[in-house]
Amino acid sequence: MVYSIAEVPNFAHGDLLTLGAYVALLVNKPGNVPLLDLLVSEGAPTTAALGVVFLVGAGGVLGAIYALGGVEALLGSWWPTRPPAAVAVVVHVLAAAVVGLIAALGAPSIVAGMVFAGAVVATLGPVQERFVFGKFRDKDVSLAMMLVVSLALAFVLRFTVQTIFGGTARSYSIQPNVELFGATINVAVVKFIDVYVSGAGLVLRVTDPATDAVLFTGAYSPVVLAGILVATVLAAYGAYRFRLGTRAVVGPYLLAAITGIVVLVGLGGLLSSGGAVPESSMYSSRVRLSILRAFIIVLALAMMGVLHTLLRATKLGKAMRATSDNRQLAQIRGINTERVTMSVWVLAGLFAGIAGVTLGFLFGTLTITMGFFLLLPMFAAVILGGITIYGALVGSYIVGLSMEVGLFAIPNLDATYRVPVAFVVLIVVLLVKPEGITG
Amino acid sequence: MVVADTVVSLGVLAAFYALLALGMNIKYGHTGLLDFGHVGFYLIGAYTAALLVLPPESGGPDTIYIFGANLPAVVGDLLFFLPSPVTDLLGWLVAIGIAMTLAGVVGAFVALPTLRLREDYLAITVLGVSVIFQRIVQAESWLVNGPDALRGISRPVGGLFPLDGSTLGGAVVFLFISGAVWAVCAWALGRALDAEILEVAEDGTRADGSGDRDSTVAGRLHAVATLGTDRILGERAATGGDGLLGTVAGLGRNQHVGSALIAGTVAGVVGAALAFAVPMGLVAWGAVVSVFTWVVVLVWLARFGADFRTVDYLATLGIGLAFMLALAPMYYLTPLWQWLPLTVLAFAVVVGGTAYMATNWDRFADRQFRYGTFAALWFGVIWYFPLQILTPVLNGNLGTAANVVFDSTVWMLSFSGAQPTIGYSRFLLFFFGALLFVCLYVMELTVNSPFGRVLRAVRNDEEVVNSLGKDPFMYKIQSMMLGSALAGLAGALAAMYFQVLVFTIFAPRVTFIALLMMFLGGVANNRAMIVGAFLFWAFQTATVELAGFVAPGLRENIQAFRFVVMGLLFLALLYYRPQGIMGERARTEMGGSE
């Protein structure tokens, strides 16, 4: 979004991720954070520490709103309707307080950390634009100079994080048990999802290896299986035809995909019959998934859904798409491109903060360079997709999948080659079709 | 540790980093190609040189690498009639040459598919290439020991040092070092005089006829320094000398190179003879040469501050002293909470005062750049001389103080042992400096040639180049080759300097540092690369000393903070003075000067 709207290939974006990941440590492990650990006694944060976290979280939200348009934005100028100033201020303060409370009271949950990191980095994104990129753009410097500036900013950010946190590798503390409706659910341990294909049909089995409990068993005879698949395809096609030609927020392909998945899962749940695991099977496989990782997939999908809705259903989103296509035409049409650019930075910061925490969780340890080394796959994804917003979504899935699959597919490939695989994809794309998929 | 040693090692680091920045300058400053993967060619140069110089793998579990060509030994066997230090050096030179060539070739190969891309795509792509190189080195244990360090890179002629003049080898080395230093100083003096003559010529001859070059102090000094060869060559040129002397005379008349070379040779021979024959000869001649360098520096400074009056010198001295005093709390108070706020406050006061003077005082505002330079120089001088003898003088130990002053003045020799010797770091400085000067000279020739003009045209507007019938692509490839070869040379020298190579040395941070040096010195100005590299390493060395005042647990944080400050200063530099300290040199293009 930043690349297409603010016209800056931002080498500092990777370090925004690093910043988000480290900022979440304030919530996740306050005793581990320099200066904050002075307020932590015996591993439990004191009220002072919680107060600091609350203030920083609330400040982040208010700062992000301020970036959208100054004091008027705090009074509600960025809302699609025209609310009275008092109402807007109250709503903003409430939202800030809610985020602050989630961060302070939710400690040390990693999800609270995500919220906190998103809020803080959402404020820091516009600061980059206001004090660095905007100033250089006003001087009308060349593209090469902007690249150098963004690289310099990347190193400033990275070393600022290192100044505060030091160079030792850190990791999150993941709470394995979550209390939900009175039951304790273990979210960190993986569950096994076993699939057996035999002559009698398909058998699906979900087990929890920690307690050896069988959570779900479903057997599908070939006829039932065929029926489910046919129903799914029909439902998806029907939804596609239903929305074809309309300009709704949920377009034909999206509705078809959603309908298909809903029908598949629903029928699969309804039509399953209890069955036993076959002794011999033509094909069997096991997928390992923990609830937290599944949550990340769902979170990513949800965030993309929110972004999609924002882009299609709101005026701001339309302004963003217009500015991304042609900045001057958008200005002629009366769109405040400055405000749009700032909102893009706020969004980019929010996403970067959450992504950083996710990255830290998935990689296990937090290092100073983690964000910068993800920069190449990010650029690969964006360029592969075509430097448009939807292109970036498509490109990132392709690049991400090819990174992981490539490591397994190519024999004897060391795990350190993860980023080079993405880069090879990038080179191929640049040589074959530099405009990208949607460009 | 004697301050001269610090400055010498600073110079060594600055030398090969200047080569790295020079490579970057060729690519970006002269051709407009932003290469964020510059460190990749540095890596290739370093590891190639290392592999060529290492002996074949001994099979131990510690260090595994693909091959070891052991060039110094090979050359030693081939040229068995030459003494072993010479063949050692030759072997290293061959390895460096091969490393350079390989880096250049790889640069061309990387450029081939990527040069047609837009600027930002090119930057991303070459960054990716450098990361791939680093990952290959890290992952493939059979190549260069994988994630572990590649050790055992021997230094050329390392076994000879430290040298005192009494051995033949030592005398020969002293010949080269002192001769080279003398030649460079004589040449620099000549150039300073030339500039003076030009200025005088523009103002017209002065009323008292003192425009004649021979009559100024510097002029007489130059005549002495070149041992009169300048006059001889000048006379010979006027009458049309012949053969070798005529060519040398031609050089002498225009660039003072000829006279400098002859004078240098003579000085070197005298020095070698003295060092070999007389017990104190090394110290004596070393002192003479070192003092000569100080004098030349003073002459250049006097020319630089041509319209400075006493009040200006005193003002800049005051500013330098103020900055030094602002650091005093750090030295004398131990607890962090005591000296940190005091130091910060003192710095704020000094910086604020300087800024106020810069804007409100006429003499300062008109000469901001020179005031800044002189203030920094005074800071350095105060650190170099008075600060080092502060403790002995306060204790009344004047003998030690005098000793320290003498050791600092005679920087050419190392006084850390019982006898004054030539340390290996001086040799490295001479070797790296010689290579640097050769490369600078060649690069200056290149960029002033028609080839260089096409490069600058490509940088400014490719379409024009196309319309004039030249293929910009070929020129860009050649520029990438040149720049990458220079980076490879810097890498080979780095292998010699560090003696141990780890993949973490070759991180994208090095490209950032090269960019910083290039912009700091002045884009498209080759000589400014030395300035940029030296300033960067001076900053690093100064702040490394400061980090020693902090508790060990915080050291890493302070090291990172140095980079933050550097990054912020870099951003400020890019904003307020994008042309760098020295700016781009005005060139006279074909068709006369403007």
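The structure presented is a predicted model; accordingly, all values stated were derived computationally and were not measured. (Residues numbered from 1 in each chain as written. Chains lettered and ligands numbered in written order. Predicted model: local features only at pLDDT ≥ 70, side-chain atom pairs only at ≥ 80, totals over all residues. Heavy atoms only, no water.)

1. With respect to the overall build of chain B
And then number 1: Summing up its helical and strand segments, chain B has 26 helices and zero strands in all.
And then number 2: Looking at chain B as a whole, 49% of its 594 residues qualify as buried.
And then number 3: Element-wise, carbon and sulfur atoms account for 69% of the exposed surface of chain B, whose accessible area totals about 26900 Å². (Helix = DSSP H or I, 4+ residues; strand = E, 2+ residues; numbered from the N terminus. Buried < 20%, exposed > 50% of the residue type's maximum accessible area, 1.4 Å probe, protein only. Areas by Shrake-Rupley, 256 points an atom, 1.4 Å probe, with all protein chains shown as cover.)

2. Let's talk about the overall build of chain A
And then number 1: For chain A, the helix and strand inventory stands at 18 helices and eight strands.
And then number 2: Here the C-alpha radius of gyration of chain A, 24 Å, is about what a compact globule of 439 residues would show, namely 22 Å.
And then number 3: If one aligns the C-alpha atoms of chain A with their principal axes, the spans along those axes are about 70 × 60 × 55 Å.
And then number 4: Expressed as a percentage of the 439 residues in chain A, the buried residues total 44%.
And then number 5: For chain A, restricting intrachain contacts to residue pairs at least 6 apart in sequence, the fraction spanning at least 24 positions comes to 65%.
And then number 6: Of the roughly 21100 Å² of accessible surface on chain A, 70% is carried by carbon and sulfur atoms.
And then number 7: Separation between the mean location of the 25 positive side-chain charges and that of the 18 negative ones in chain A comes to 9 Å. (Rg over C-alpha atoms; globule rule 2.2 N^0.38 Å. Contact = heavy atoms within 4.5 Å. Lys, Arg positive; Asp, Glu negative; His and termini not counted. Charge placed at Lys NZ, Arg CZ, Asp CG, Glu CD.)

3. Description of the pattern of salt bridges
And then number 1: What the rule picks out here adds up to seven salt bridges over all chains.
And then number 2: Of the charged contacts, one joins Arg-286 of chain A and Asp-194 of chain A as a salt bridge, the two residues approaching to 2.7 Å between their closest N and O atoms. You can see Arg-286 of chain A sitting in strand E8 (residues 283-290) and its partner Asp-194 of chain A sitting in strand E5 (residues 190-198), a full 92 residues away along the chain.
And then number 3: A residue is classified by how much of its surface remains accessible, and Asp-194 of chain A, at 4% relative accessible area, is buried.
And then number 4: Among the salt bridges present, the one from Arg-426 of chain B reaches Asp-5 of chain B, with a minimum N-O distance of 2.7 Å. A residue pair is termed long-range when its members are at least 10 positions apart, and Arg-426 of chain B in helix H20 (residues 424-447) and Asp-5 of chain B in helix H1 (residues 3-30) qualify at 421 residues. (Salt bridge = Lys/Arg side-chain N within 4 Å of Asp/Glu carboxyl O.)

4. A short note on a nonpolar patch on the surface
And then number 1: On the surface, Phe-80, Phe-81, Leu-82, Val-86, Leu-90 and Leu-93 of chain B cluster together to form a nonpolar patch covering roughly 550 Å² of accessible area.
And then number 2: The residue Val-86 of chain B is located in helix H4 (residues 84-114) in this model. (Patch = residues over 30% accessible without salt bridge, like charges linked within 9 Å, V, L, I, M, F, W, Y side chains within 5 Å.)

5. Re a positive patch on the surface
All names here are of chain A.
And then number 1: A cluster of basic residues, Arg-82, Arg-247, Arg-312, Lys-315, Lys-318 and Arg-339, forms a positive patch at the surface.
And then number 2: Inspection of the secondary structure assignment puts Arg-82 in the loop between helix H5 (71-74) and helix H6 (85-105).
And then number 3: In this structure Arg-82 comes out as exposed when scored by relative accessible area, which is 69%.

6. Quick word on the packing of aromatic side chains
Two aromatic rings are characterised by how far apart their centres lie and by the angle between their planes.
And then number 1: All chains considered together, the criterion is met by 39 aromatic pairs over all chains.
And then number 2: For the pair Tyr-384 of chain B and Phe-385 of chain B, a centre-to-centre distance of 5.0 Å together with 85° between the ring planes defines the contact as edge-to-face.
And then number 3: By relative accessible area, Tyr-384 of chain B is classed as buried at 8%.
And then number 4: The exposure class assigned to Phe-385 of chain B is partly exposed, which follows from its relative accessible area of 23%.
And then number 5: The aromatic ring of Phe-473 of chain B is capped on one face by Arg-116 of chain B, whose charged end is 4.0 Å from the ring centroid.
And then number 6: Residue placement shows Arg-135 of chain B over the ring face of Phe-373 of chain A; its charged tip is 4.6 Å from the ring centre. (Phe/Tyr/Trp six-rings, centres within 6.5 Å; stacked < 30°, edge-to-face > 60°. Lys NZ or Arg CZ within 6 Å of the ring centre and 35° of its normal.)

7. Some remarks on the sheet that holds E5 of chain A
All names here are of chain A.
And then number 1: In spatial order, the strands read E7-E6-E5-E8; together these four strands make up an open sheet with antiparallel pairing. One side of each edge strand has no neighbouring strand; the edge strands of this open sheet are strand E7 (213-220) and E8. Taking each pair of neighbouring strands and ignoring which way they run, the sheet shows an average axis angle of 15°.
And then number 2: Against the sheet, helix H9 (residues 222-243) engages strand E6 (201-208) and E7, with an angle of about 90° to E7.
And then number 3: Running at roughly 85° to E8, helix H11 (residues 291-313) makes contact with E5 and E8 of the sheet. (Pairing = 2+ DSSP bridges. Axes fitted to C-alpha atoms, helices over the stretch in contact; angles between N-to-C directions.)

8. Quick notes on helix H4 (residues 47-69) of chain A
And then number 1: Helix length check: H4 of chain A, at 23 residues, gives a terminal C-alpha distance of 33 Å against a target of 33 Å (1.5 Å per residue), a fit within 8%.
And then number 2: Listing the buried residues of H4 of chain A in full gives Ala-49, Val-53, Gly-57, Ala-58, Gly-60, Val-61, Gly-63, Ala-64, Ile-65, Ala-67 and Leu-68 of chain A. (Expected span 1.5 Å × (residues − 1).)

9. Overview of the packing of helix H2 (residues 38-53) of chain B against H4 of chain B
All names here are of chain B.
And then number 1: Look at H2 against H4: their axes get within 8 Å of each other, and the N-to-C directions meet at 145°. The element H2 and its partner H4 pack so that their crossing is right-handed. In this structure, H2 uses Phe-41, Ile-44, Gly-45, Thr-48, Ala-49, Leu-52 and Val-53 to contact H4, whose residues at the interface are Trp-92, Ala-95, Ile-98, Ala-99, Leu-102, Ala-103, Val-106, Gly-107 and Val-110.
And then number 2: Residue composition of the contact of H2 with H4, grouped by class: 13 nonpolar, three polar and no charged. (Left-handed = near helix turned anticlockwise from the far one by under 90°. Nonpolar A, V, L, I, M, F, W, Y, C, P; charged D, E, K, R; others polar.)

10. Some details on the interface of chain A and chain B
And then number 1: At the junction of the two partners, chain A supplies 44 residues and chain B supplies 42 residues.
And then number 2: Between chain A and chain B, roughly 3900 Å² of surface is buried when both sides are summed, and carbon and sulfur atoms account for 79% of that area.
And then number 3: Contact with chain B buries surface across chain A, with Val-148, Phe-159 and Tyr-417 of chain A losing the most and accounting together for 13% of the total.
And then number 4: Our count for the contact surface shared by chain A and chain B stands at zero salt bridges.
And then number 5: At the surface where chain A touches chain B, the tally comes to five residue pairs in polar contact (both at pLDDT 80 or more).
And then number 6: Listed by contribution, the elements that provide at least two residues to the side of chain A that touches chain B are helix H7 (110-138), helix H8 (143-165), helix H15 (370-373), helix H16 (375-385) and helix H18 (418-432) of chain A.
And then number 7: When residues in the side of chain A that touches chain B are grouped by element, the largest group, 17 residues, is from H8 of chain A. (Buried area = accessible area lost by both parts, 1.4 Å probe. Polar contact = N/O pair within 3.5 Å; in protein donor to acceptor, adjacent residues only side chain to side chain.)

11. Side note on the pairing of E7 of chain A
And then number 1: Relative to E7 of chain A, E6 of chain A runs antiparallel, the two sharing seven bridges. Residue pairing for E7 of chain A: Val-203 of chain A is matched across the bridge by Ala-219 of chain A.

12. Details of the nonpolar core
Side chains of nonpolar character tend, in soluble globular proteins, to be buried together.
And then number 1: Phe-11 of chain A together with Phe-36, Tyr-42, Phe-432, Leu-493 and Phe-519 of chain B are the most contacted members of the largest nonpolar core, which totals 226 residues.
And then number 2: Broken down by element, the residue count for this core peaks at 16 residues, all from H8 of chain A.
And then number 3: The contacts of Phe-36 of chain B, once residues within four sequence positions are left out, are Phe-11, Leu-147, Val-148 and Leu-151 of chain A together with Ala-123, Val-126, Leu-127, Ser-130, Thr-511 and Leu-515 of chain B. (Core = buried A, V, L, I, M, F, W, Y, C linked by side-chain atoms within 4.5 Å.)

13. Quick look at the side chain of Gln-540 of chain B
All names here are of chain B.
And then number 1: Of note, Gln-540 is situated in helix H25 (residues 528-547).
And then number 2: Given the relative accessible area of 7%, Gln-540 is considered buried.
And then number 3: Those residues in contact with Gln-540, other than ones at most four positions away along the chain, are Arg-562, Phe-563 and Met-566.

14. Considering the side chain of Asp-194 of chain A
And then number 1: Engagement of the side chain of Asp-194 of chain A in a polar contact is seen with the side chain of Arg-286 of chain A, the distance being 2.7 Å.
And then number 2: In this structure, Asp-194 of chain A is in contact with Val-203, Leu-204, Arg-205, Thr-207, Ser-285 and Arg-286 of chain A, ignoring residues within four places of it in sequence.

15. Concerning the environment of Ala-409 of chain A
And then number 1: Its location among the elements puts Ala-409 of chain A in helix H17 (residues 389-409).
And then number 2: As for Ala-409 of chain A and Ser-198 of chain A, which are separated by 211 residues in sequence, their C-alpha atoms are 26 Å apart.

16. Some details on unusual backbone geometry
Residues and elements named next belong to chain B.
And then number 1: Backbone geometry places Gln-499, a non-glycine residue, at a positive phi of 65°.
And then number 2: Of note, Gln-499 is situated in the loop between helix H23 (472-498) and helix H24 (508-521).
And then number 3: The phi dihedral of Ala-524 is positive, around 70°, even though this residue is not glycine.
And then number 4: If you trace the backbone, Ala-524 turns up in the loop between H24 and H25.

17. A word on the domain arrangement of chain B
And then number 1: We note that the domain assignment places domain 1 (26-159 + 425-507), domain 2 (162-304), domain 3 (310-384) and domain 4 (511-579) within chain B.
And then number 2: Its C-alpha centre places domain 1 of chain B at a distance of 40 Å from the equivalent point of domain 3 of chain B. (Domains from an automatic or database assignment.)

18. Some words on the environment of Pro-162 of chain B
All names here are of chain B.
And then number 1: Its location among the elements puts Pro-162 in the loop between helix H6 (141-144) and helix H7 (168-203).
And then number 2: Put simply, Pro-162 and Phe-451 are 289 residues apart on the chain and 44 Å apart in space, counted from C-alpha to C-alpha.
And then number 3: If we skip the residues at most four places from it in the chain, Pro-162 touches Thr-421 and Ile-422.

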